[in-house]
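# Descriptive analysis of the structure
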Amino acid sequence: MTPTLPLFLLLLSLIGAQATLDVRTAAAMAAGLCKTRPTDIVFIVDSSRSVRPSEFEQVKVFLAKVIEGLDVGPNATRVGVVNYASRVKNEVSLKTYRTKAGLIKAVTKIEPLSTGTMTGLAIQFALNVAFSEGEGARVKSPDISKVAIIVTDGRPQDNVKDVAQRARDAGIEIFAIGVGRVDMSTLKQMASDSLDDHVDYVESYSVIEKLTKKFKEAFCACSNSATDVVFLIDGSKSVRPENFELVKKWINQIVDKLDVSESKAHVGLVQYSSSVRQEFPLGRFNNKKDLKDAVKKMAYMERGTMTGQALHYLTDNSFSAGQGARPGVAKVGIVFTDGRSQDYIGEAAKKAKDHGFKMYAVGVGNAVEDELKEIASEPTGEHYFYTADFKAMTQIAKKLQINICQDEDPCECDSLVKFQKKVEEALQALTKKLDSMSKRIALLENKIV
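Residues numbered from 1 in each chain as written. Predicted model: local features only at pLDDT ≥ 70, side-chain atom pairs only at ≥ 80, totals over all residues. Heavy atoms only, no water.

Moving on to the overall build of the chain. Each helix and strand in the chain was counted, giving 16 helices and 14 strands. Relative to its 449 residues, the chain shows a buried fraction of 49%. Partitioning the intrachain contacts of the chain with sequence separation of at least 6 by distance along the chain shows that 78% fall at a separation of at least 24. Here the chain displays about 21,200 Å² of accessible surface, and carbon together with sulfur accounts for 52% of that area. (Helix = DSSP H or I, 4+ residues; strand = E, 2+ residues; numbered from the N terminus. Buried < 20%, exposed > 50% of the residue type's maximum accessible area, 1.4 Å probe, protein only. Contact = heavy atoms within 4.5 Å. Areas by Shrake-Rupley, 256 points an atom, 1.4 Å probe, with all protein chains shown as cover.)

This is the structure:
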């Protein structure tokens, strides 16, 4: 019986190697479908004396949560951290940590410098040092994004305008986050265009974590994210022509956030008042330029506000195969209104959600919040928005992040489900092989005896 043991171990190792290959193949498939786009990210964090130690801890939690949503690795996302006050300290280089766990651990150990606020000096340091190849930044390429995220709560003691311009000219995309009594004009001088997308403000460090989702979605790209999106726009007379132009700009702000192409996001547009008019169906335009041009050409209908009728149209027509909707693709409806509906919306709103459509409701002016909540998908707080002023709609466009992956986490796409199934299949195959080998070994042992 002794000779059978090495034979068994050899067979087991061969089977294990095959299973490992199957799992690696599955992992490669998943990686090809869902990943964070390659980016060099440097956080530039204000730790001046106005930032209390407890507040600085909250900043570190925010950094850790953003990092947690990234695909950290040498060929994916590299992260650096610059800490500044009156002086600048390079806490983490882009080349230092190649794993998420090591990077987060390093972030938790950063201590505040607690002196002045030399934000311009910090940006200059990032430009000259943090984003240098010597510190791990990759060679400038259209395939690699360079991003600086500045977090500050005060007014800089030096000039930021010129140095920020030099950084942007060098291809660095700058996000500016202001906290508390921050000088907003300074944030705008630092940030990249458009300012609506690159400037954020929070009232205190205690709520800075609410920006986590924005940055996770900004850096996470799911390559299998096919989505059908239909805008349902109120063109009633209460909107007024000048505001209708703002609505069209708002639509295009959201379009800018979508990956519009033949295989990914398709967009349709419907306008309603007393009647419903399809401006263009899903799939007619497969690039952003043509799509945005078509939005700009939309003529204002005026008349009444039949939101219920419009919702029925959305469900029965806009998301039908005959109007370009694709089978098996996520469906998103974005409803805009500025007033109370003149017909009943309850049945139509329920029908849309029962069909599995993800519904966003956006209201301005005299819109009724109870109606918006009735239209919106669950959780309601993430799917309905209201502002009293049309000019503030840009803030809604900023907050309305269409999650084009199926899961809550924008990087948890269905490719992970496919990956898990592939692993399960590999393990089942391994079990069958082991059973078969066990039987063969038993037969060999009987012959030897």
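Read on for the rest.
Taken together, six strands build an open sheet; the order of strands is β11-β10-β9-β12-β13-β14 and the sheet is mixed. With partners counted over all chains shown, the strands left at the sheet margins are β11 (276-280) and β14 (384-387), one partner each. The sheet shows a mean angle of 15° between the axes of neighbouring strands, direction not considered. As defined by bridge partners, strand β10 (residues 265-272) adjoins β11 across four bridges and the pair is classed as antiparallel. Bridge pairing in β11 links Tyr272 to Val276. (Pairing = 2+ DSSP bridges. Axes fitted to C-alpha atoms, helices over the stretch in contact; angles between N-to-C directions.)

Extensive coverage of strand β3 (residues 77-84) is indicated by the burial of eight of its eight residues. Residues Thr77, Val79, Val81 and Asn83 line one face of β3 and the alternating positions Arg78, Gly80, Val82 and Tyr84 line the opposite face, and both faces are buried. Sheet topology note: the strand β2 (residues 39-46)/β3 ladder contains eight bridges and is parallel. Among the inter-strand pairings, Asp40 is bridged to a residue of β3, identified as Arg78. Crossover handedness for the path β2 to helix α2 (residues 53-68) to β3: right-handed. Of the pairings in the sheet, the one linking β3 to strand β4 (residues 88-92) comprises four bridges and is antiparallel in character. Paired with Tyr84 across the bridge in β4 is Val88. Counted along the chain from β3 to the antiparallel partner β4, the turn is three residues long. (Right-handed = clockwise from strand over helix to strand, strands pointing away.)

Enumeration according to the criterion identifies five aromatic pairs in this entry. Considering the side-chain rings of Phe231 and Trp250, the 6.4 Å spacing of their centres and the 80° angle between planes classify their relative orientation as edge-to-face. Of this pair, Phe231 sits in strand β9 (residues 227-234) while Trp250 sits in helix α9 (residues 241-257), and the two are 19 residues apart along the sequence. Note on Phe231: relative accessible area 0%, which makes it buried. A ring pair is formed by Phe244 and Tyr300, whose centres lie 4.9 Å apart and whose planes are at 25°; its orientation type is stacked. Of this pair, Phe244 sits in helix α9 while Tyr300 sits in the loop between α10 (288-296) and α11 (307-318), and the two are 56 residues apart along the sequence. Taken together, the ring pairs in this structure connect Phe231, Trp250 and Phe336 into an aromatic cluster. (Phe/Tyr/Trp six-rings, centres within 6.5 Å; stacked < 30°, edge-to-face > 60°.)

Membership of the largest hydrophobic core comes to 34 residues, with the highest contact counts inside it found for Phe231, Ile233, Trp250, Ile251, Ile334 and Phe336. Taken together, the elements giving at least two residues each to this core come down to β9, α9, β10, α10, β12 (330-337), β13 (358-364) and α15 (393-399). With six residues, α9 is the largest single contributor of residues to this core. Ranked by size, the runner-up nonpolar core spans 32 residues in total, among them Ile41, Val66, Val107 and Leu211. (Core = buried A, V, L, I, M, F, W, Y, C linked by side-chain atoms within 4.5 Å.)

Taken together, six strands build an open sheet; the order of strands is β4-β3-β2-β5-β6-β7 and the sheet is mixed. One side of each edge strand has no neighbouring strand; the edge strands of this open sheet are β4 and β7 (199-202). The mean inter-strand angle of the sheet, taken between neighbouring strand axes irrespective of direction, is 20°.

Residues shown with low pLDDT carry predicted positions that ought not to be read at fine detail. Averaged over all residues, the pLDDT of the chain is 83; the fraction at 70 or higher stands at 81%. Taken together, the stretch residues 1-34 has pLDDT below 50 and engages in 38 contacts with residues farther than four places along the chain or on a different chain. Scored below 50 in pLDDT, residues 405-417 shows 26 contacts in the model against residues more than four places distant or in partner chains. (pLDDT = per-residue confidence, 0-100.)

A few words now on the side chain of Gln271. The topology assignment puts Gln271 in strand β10. A polar side-chain atom of Gln271 sits 2.9 Å from a polar atom in the side chain of Glu279. A polar atom in the side chain of Gln271 sits 2.8 Å from the backbone oxygen of Ala299. Dropping the residues within four chain positions of it, Gln271 is found in contact with Ile233, Gly235, Phe244, Val276, Arg277, Glu279, Met298, Ala299, Tyr300 and Met301. (Polar contact = N/O pair within 3.5 Å; in protein donor to acceptor, adjacent residues only side chain to side chain.)

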